[in-house]
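Topology and contacts: notes
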Amino acid sequence: MSKIHVTTTVNGDPVEFLADPRETLLDALRNHLDLTGTKEGCGTGDCGACSVTVDGTLVCSCLMLAAEANGKRVETIEGMAGEELHPLQRKFIEHAALQCGFCTPGILVAAKALLERNPDPTDTEIRYWLAGNLCRCTGYDKIIRAVQDAAAEMRGAA
Amino acid sequence: MARDDVKTGYKLIGTRPNRPDGLDKVTGRARYGADFSLPGMLHAAVVRSPHAHARIVKIDASKALALDGVKAVVTRADLPTGLTGEELNLQDNTLAGEKALYDGHAVAAVAATSALLAQDAARLIEVEYEVLPHVTDVDAAMAPGAPVIREGVADYSVPEGMNGNVARYMEFGHGDVDAGFAAADIVREQTYKTEATHQGYIEPHACVAQMGEDGRGEMWVCTQGHWYIRRMCASVLGIEAAGLRVTPSEIGGGFGGKTTIFMEPLPLALSKKAGGRPVKLVMSRSEVLRATGPTASASMDVKLGMKTDGTITAGQVFFRMQGGAFPGMSPIGEALPCAFACYDIPALKHEAVEVIANRPKAAAYRAPGSPMAAFAVESLVDEMCRELKLDPIAVRLKNGAKNGSKSSYGPVYNVIGLQETLEAAKAHPNYAIPLGPNQGRGVASGFWFNHGGETSVSLAVGEDGTATVMIGTPDIGGSRASIGLMVAECLGIPYEDVRVNVVETGALGVNEPTHGSRATFASGKAAVESARQAIAEMCRRAAADWGIDAEAVEWKDGAAHPAGPNAGKHPPMTIGEIGSKMGSTGGPISGHHEVTAGGYGASFGTHVVDVEVDPETGRTTVLRYLVVQDAGTAIHPAYVEGQYQGGAAQGIGWALNEEYVYGTDGRLQNPIFLDYRIPVASDLPMIDTVIVEVPNPGHPYGVRGVGETGITPPLPAIASAIAGATGARIRSLPCSPPKVLAAIKAKG
């Protein structure tokens, strides 16, 4: 099967790769671009561990073909911190909002997308926004608190 | 209570510093099982049985091997013969022998130059099956006339006349149960069932392995215990353990399910056949659910006698549990001792049978056996409390185990905290909140033995006065932070000056996995002993420098000090000064401790849950949830709370929603997360925690394991809360909306 030449932008960097038509964006990120921070937990869009944004839209990268990323702007967990951590990343550490940490990249990417749309969410809004991101370790309690604390800091209210 | 609001003699223990692996984990840098790659690496795929029970007539891999880029295929014929017992079970589960024993049982594996090519090749491997009659339900597997799925599994303990699927029988007890029941005012007997659930770690099993023709190799794998992986792979492949070096990756959850092997020997065998090229194998989610360790399903009879004042006079249980198609995996040996562990009852009788069925080989799942047993016993206790209009906490306080009680399974409890958890639950504001219409409250207690186990730890002092600790228990939930706190406390240096590394099999003696709630307890205990050795050596170095006896030197605040007036006047010598000179004062300074750790101290907890049930749909909403559990000493309270909250969430999932659903064809009907639905964020409330601290005398800082007890009480507590809300008692988990609705309607 002939490969497809894909040109795209990942975390601000121009990249290109050859994708098998069956490969997902997740496969491409992990296997062609060595960006293994984005995780595969299910491959069926149920767990959210592979969350990235494409042109600003939160997607499960396991449900998108790599070829569909052509010409798009992809943001992954690797692009979240600048010289300093994003407030969400810092608050997740401070609140012990991760245990095994496997779901953490996807949850951080999803939470960042939430706060960009809604800087002052209620607990319930956070819970429904993150309902597509499974965490088996924490029971979500400390995750919700960390997102609230980060949101407060980003609003300048902390 | 947690150290946050209590003054203790500790400087660091009880504080909540950032975990050392936090930065890697929030930036995507942490390397998990599937994140590792090697030059020249091949990718593997597994061919799995679509049948619950089938004879394997023929395997033809010729079409797969004819594809360019396909490098090796392995089947059972490639594995050594002559294994027995659990080693044979492990080999049988790695690759089916004469028969496939469950839907998803591995039959062959293939390695190719890409993952897609390996998957294509797997589809070209032709397997001819002769389908056989199957059985998947525990009670059906025991029934007369049920197909016997493997001959000769029954051990000496099984009474004559039982179905051939019964592999093991056990019984024990004490006192006169007949007299106990006769002395009761009411005697009640019920049957309870729990379905199999999966640990549900979000990271699928993954490894990269390499093995040469000399049978020596290396493996990088997500596991709770890399020495177990090494031993099991060596057994299954007939190689020497020392020839295999296993390095654990970061682990994306385990909960018991990553304490054993499922597919790890396959990439080793494929690598050897492919000329020693490394091979990566990553499971899909459906492979995880179909073919890796779910927990046992259970069918349980319970009988209890109670006086009208709540005194329990006698108890009796008969548990039937299936742990898949292999004997030894059903946790009857844990479930029975856990059944009445929270109580001090004068007469008890325990019986159980282990049954095999056409399901995947079960693995440990957080307090294996205890949640099922608690569902049965705690549900019936609650039913009788409601019948006699007694407060469920008062009844547990009256009958509960205390310091010095002889446990239901034999040993005498030393210092335990059950009563304290009950008192704290009773005093918590949640227990007094008035309930509205369609709302109910449930209470249950839970138990786990805790565990010590084989433990080997080393510590090395750095030239700059920092300390590196080498442990062999993979860190799943923050144990590096806890162990770092204990070592820093002991050495009297900042937490940031201690680095705790989880090291590979070549670097330490044998360590059991992170299981049984043992990592912070046992590796922590050995790390403290290692630090004490290093301190003793540092005191000797200071004494030599000062020209005094080592006994005249004491260690405090990270430095050697002359002890007492006769030691002379010397300024304190810090760990940094000692470390910087150690090359010229006698060489590197380290400590090492290895032990099969005892004194682990039993764990008890009490949960209170409020639910609301929608009478139109039967859907249950958890309104509020309280976990009270004894931690001994909470080293890092945030991660203790995390264990409580995570355990409760898993128990809530088991109680309300999770179950393995098998079709009449014996195939798993829900092998993806969409259909095997674990709790999501919008399903749960905040989970309130109270950390009770009854220090464990068996640990230098009083630690008890905290990982497992929390999954145990939610099953009965939620069923009891639903009974309170609806008047309908669900005795078969999960309490799914259709089941609850039917129970409400049946009640009329």
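These figures come from a predicted structure and were not determined experimentally. (Residues numbered from 1 in each chain as written. Chains lettered and ligands numbered in written order. Predicted model: local features only at pLDDT ≥ 70, side-chain atom pairs only at ≥ 80, totals over all residues. Heavy atoms only, no water.)

1. Details of the overall build of chain B
Within chain B, the regular secondary structure consists of 19 helices and 26 strands. Against the 2.2 N^0.38 benchmark of 27 Å for 748 residues, chain B shows a C-alpha radius of gyration of 27 Å, consistent with a compact globule. Overall size of chain B, expressed as C-alpha extent along the three principal axes, is 85 × 75 × 50 Å. Within chain B, the proportion of its 748 residues that are buried is 64%. For chain B, the share of sequence-separated contacts (at least 6 apart) that also reach a separation of at least 24 residues comes to 79%. With 66 positive and 81 negative side-chain charges, chain B shows a separation of 2 Å between the mean positions of the two kinds. (Helix = DSSP H or I, 4+ residues; strand = E, 2+ residues; numbered from the N terminus. Rg over C-alpha atoms; globule rule 2.2 N^0.38 Å. Buried < 20%, exposed > 50% of the residue type's maximum accessible area, 1.4 Å probe, protein only. Contact = heavy atoms within 4.5 Å. Lys, Arg positive; Asp, Glu negative; His and termini not counted. Charge placed at Lys NZ, Arg CZ, Asp CG, Glu CD.)

2. Structural notes on the sheet that holds strand E16 (residues 439-448) of chain B
Residues and elements named next belong to chain B. Here we have four strands laid out as an open sheet, ordered E16-E24-E25-E26, and mixed in their pairing. Lying at the two open borders of the sheet, with one neighbouring strand each, are E16 and strand E26 (687-692). The mean inter-strand angle of the sheet, taken between neighbouring strand axes irrespective of direction, is 15 degrees. Relative to E26, strand E25 (residues 620-630) runs parallel, the two sharing six bridges. Looking across to E26, one finds that glutamine 629 is bridged to isoleucine 691. The strands touched by helix H17 (residues 637-656) are strand E24 (603-613), E25 and E26; relative to E26, the strand with the most contacts, the crossing angle is about 130 degrees. Most of the contacts of helix H18 (residues 714-726) go to E16, to which it runs at about 160 degrees, and overall it touches E16, E24 and E25. (Pairing = 2+ DSSP bridges. Axes fitted to C-alpha atoms, helices over the stretch in contact; angles between N-to-C directions.)

3. Digging into the sheet that holds strand E6 (residues 126-131) of chain B
With antiparallel pairing, three strands are arranged side by side in an open sheet as E4-E2-E6 (chain B). Each edge of the sheet is formed by a strand with only one pairing partner; in this case those strands are strand E4 (99-100) and E6 of chain B.

4. Describing the domain arrangement of chain A
A common way to state how big an interface is: give the accessible area lost once the parts meet. Residues and elements named next belong to chain A. Entries for chain A in the domain assignment read domain 1 (4-79) and domain 2 (87-157). With centres defined by C-alpha atoms, the gap from domain 1 to domain 2 works out at 22 Å. In this assembly, domain 1 packs against domain 2 so that about 1000 Å² is buried in total across both faces, 65% of it on carbon and sulfur atoms. Along the contact surface separating domain 1 from domain 2 lie zero salt bridges. Run the count over domain 1 and domain 2 and you get five residue pairs in polar contact (both at pLDDT 80 or more). Within the residue set of the side of domain 1 that touches domain 2, elements represented by two or more residues are strand E3 (51-54) and strand E4 (57-60). The element that contributes the greatest number of residues to the side of domain 1 that touches domain 2 is E3, accounting for three residues. (Domains from an automatic or database assignment. Buried area = accessible area lost by both parts, 1.4 Å probe. Salt bridge = Lys/Arg side-chain N within 4 Å of Asp/Glu carboxyl O. Polar contact = N/O pair within 3.5 Å; in protein donor to acceptor, adjacent residues only side chain to side chain.)

5. Thoughts on the packing of aromatic side chains
Taken as a whole and assessed by the stated rule, the structure comprises 15 aromatic pairs over all chains. Taking 5.2 Å as the distance between ring centres and 85 degrees as the angle between the ring planes, the aromatic pair formed by phenylalanine 102 of chain A and tyrosine 32 of chain B counts as edge-to-face. A residue pair is termed interchain when its members come from two chains, as with phenylalanine 102 of chain A in the loop between helix H2 (87-94) and helix H3 (104-117) and tyrosine 32 of chain B in the loop between helix H1 (22-27) and strand E1 (42-48). A single burial state applies to phenylalanine 102 of chain A and to tyrosine 32 of chain B, both of which are buried. The rings of Tyr409, Tyr413, Phe447, Trp448, Phe449 and Phe604 of chain B are connected pair by pair, giving a single aromatic cluster. Here arginine 231 of chain B stacks its cationic end above the ring of tyrosine 228 of chain B, 4.7 Å away from the centre of that ring. Here the guanidinium or amino end of lysine 303 of chain B rests over the ring plane of phenylalanine 181 of chain B, the centre of that ring lying 4.4 Å away. (Phe/Tyr/Trp six-rings, centres within 6.5 Å; stacked < 30°, edge-to-face > 60°. Lys NZ or Arg CZ within 6 Å of the ring centre and 35° of its normal.)

6. Considering the confidence of the model for chain B
Residues of chain B with pLDDT of at least 70 account for 99%, and the chain-wide mean is 97. Here the complex is predicted with pTM 0.97, and the ipTM for its interfaces comes to 0.98. (pLDDT = per-residue confidence, 0-100.)

7. Details of the nonpolar core
By size, the foremost hydrophobic cluster in this structure holds 185 residues, and its most contacted members are Phe92 of chain A together with Phe319 of chain B. In terms of residue count, helix H11 (residues 370-387) of chain B provides more of this core than any other element does, nine residues in total. Apart from residues lying up to four places away in sequence, phenylalanine 92 of chain A is in contact with Ala97, Leu98, Thr104, Ile107, Leu108, Ile143, Ala146 and Val147 of chain A together with Val26 of chain B. (Core = buried A, V, L, I, M, F, W, Y, C linked by side-chain atoms within 4.5 Å.)

8. A word on the environment of valine 457 of chain B
Residues and elements named next belong to chain B. Position of valine 457 relative to the elements: it lies in strand E17 (residues 453-461). Given a relative accessible area of 0%, valine 457 falls into the buried group. Along the backbone, valine 457 and isoleucine 202 are 255 residues apart, and their C-alpha atoms lie at a distance of 29 Å. Valine 457 has contacts with Val469, Met470, Ile471, Leu508, Ser523, Ala526, Ala527, Ser530, Gly591, His592 and His593, leaving out every residue within four places of it along the chain.

9. Focus: the domain arrangement of chain B
Residue and element names in this part refer to chain B. One can read the domain layout of chain B as domain 1 (3-29 + 452-597) and domain 2 (405-450 + 601-747). Averaged C-alpha coordinates put domain 1 and domain 2 at centres separated by 36 Å. Tallying the contact residues gives 25 residues for domain 1 and 22 residues for domain 2. A salt bridge links arginine 16 to glutamate 641, with the nearest nitrogen and oxygen atoms 2.7 Å apart. Counting the contacts that link domain 1 with domain 2 gives seven residue pairs in polar contact (both at pLDDT 80 or more). Elements represented by at least two residues in the side of domain 1 that touches domain 2 include exactly helix H14 (479-491) and helix H15 (519-546).

10. Here's the deal with the packing of helix H7 (residues 226-237) of chain B against helix H8 (residues 265-273) of chain B
All names here are of chain B. Between H7 and H8, the shortest axis-to-axis distance is 10 Å and the interhelical angle comes to 50 degrees. Here H7 lies oblique to H8, going by the angle between them. The crossing of H7 and H8 is right-handed. Across the interface between the two elements, Cys233, Val236 and Leu237 from H7 touch Pro265, Leu268 and Ala269 from H8. By residue class, the composition of the contact of H7 with H8 is six nonpolar, no polar and no charged. (Parallel < 35°, antiparallel > 145°, perpendicular 65-115°, else oblique. Left-handed = near helix turned anticlockwise from the far one by under 90°. Nonpolar A, V, L, I, M, F, W, Y, C, P; charged D, E, K, R; others polar.)

11. What to know about the side chain of threonine 455 of chain B
Following the sequence through the fold, threonine 455 of chain B ends up in strand E17. For threonine 455 of chain B, a relative accessible area of 2% gives the class buried.

12. Examining the environment of methionine 263 of chain B
Residues and elements named next belong to chain B. Checked against the element boundaries, methionine 263 lands in the loop between strand E11 (244-248) and H8. Remark: the alpha-carbon pair of methionine 263 and leucine 281, spanning 18 residues in sequence, is separated by 8.1 Å. Apart from the residues within four sequence positions on either side, methionine 263 is in contact with His205, Ala206, Cys207, Leu281 and Met283.

13. Things to note about H8 of chain B
The buried fraction of H8 of chain B amounts to seven of the nine residues, a majority that puts the element mostly inside the structure. Buried within H8 of chain B we find Pro265, Leu266, Pro267, Leu268, Ala269, Leu270 and Ser271 of chain B.

14. As for the pairing of E17 of chain B
All names here are of chain B. With respect to burial, E17 is a largely interior element, seven of its nine residues being buried. In terms of strand pairing, E17 meets strand E23 (residues 590-597) through eight bridges, oriented antiparallel. By the bridge assignment for E23, serine 456 is matched with glutamate 594. Here four bridges tie E17 to strand E18 (residues 467-471), and the two strands are oriented antiparallel to one another. Across the sheet, the residue bridging to valine 461 is alanine 467, located in E18. What sits between E17 and E18 in their antiparallel hairpin is a turn of five residues, with glycine 465 showing a positive phi close to 85 degrees.

15. Points about the interface of chain A and chain B
Taken together, the 45 residues of chain A in the interface contact 52 residues of chain B. Roughly 4000 Å² of surface becomes buried between chain A and chain B when both sides are summed, with 59% attributable to carbon and sulfur atoms. Viewed at the interface, chain B and chain A are joined by five salt bridges. Glutamate 641 of chain B is paired through a salt bridge with lysine 142 of chain A; the nearest N and O atoms lie 2.6 Å apart. For the interface between chain A and chain B, the tally reads 27 residue pairs in polar contact (both at pLDDT 80 or more). Contributions of two or more residues to the side of chain A that touches chain B are made by H2, H3, helix H4 (123-129) and helix H5 (141-155) of chain A. For the side of chain A that touches chain B, the class distribution of residues is 20 nonpolar, 10 polar and 15 charged.

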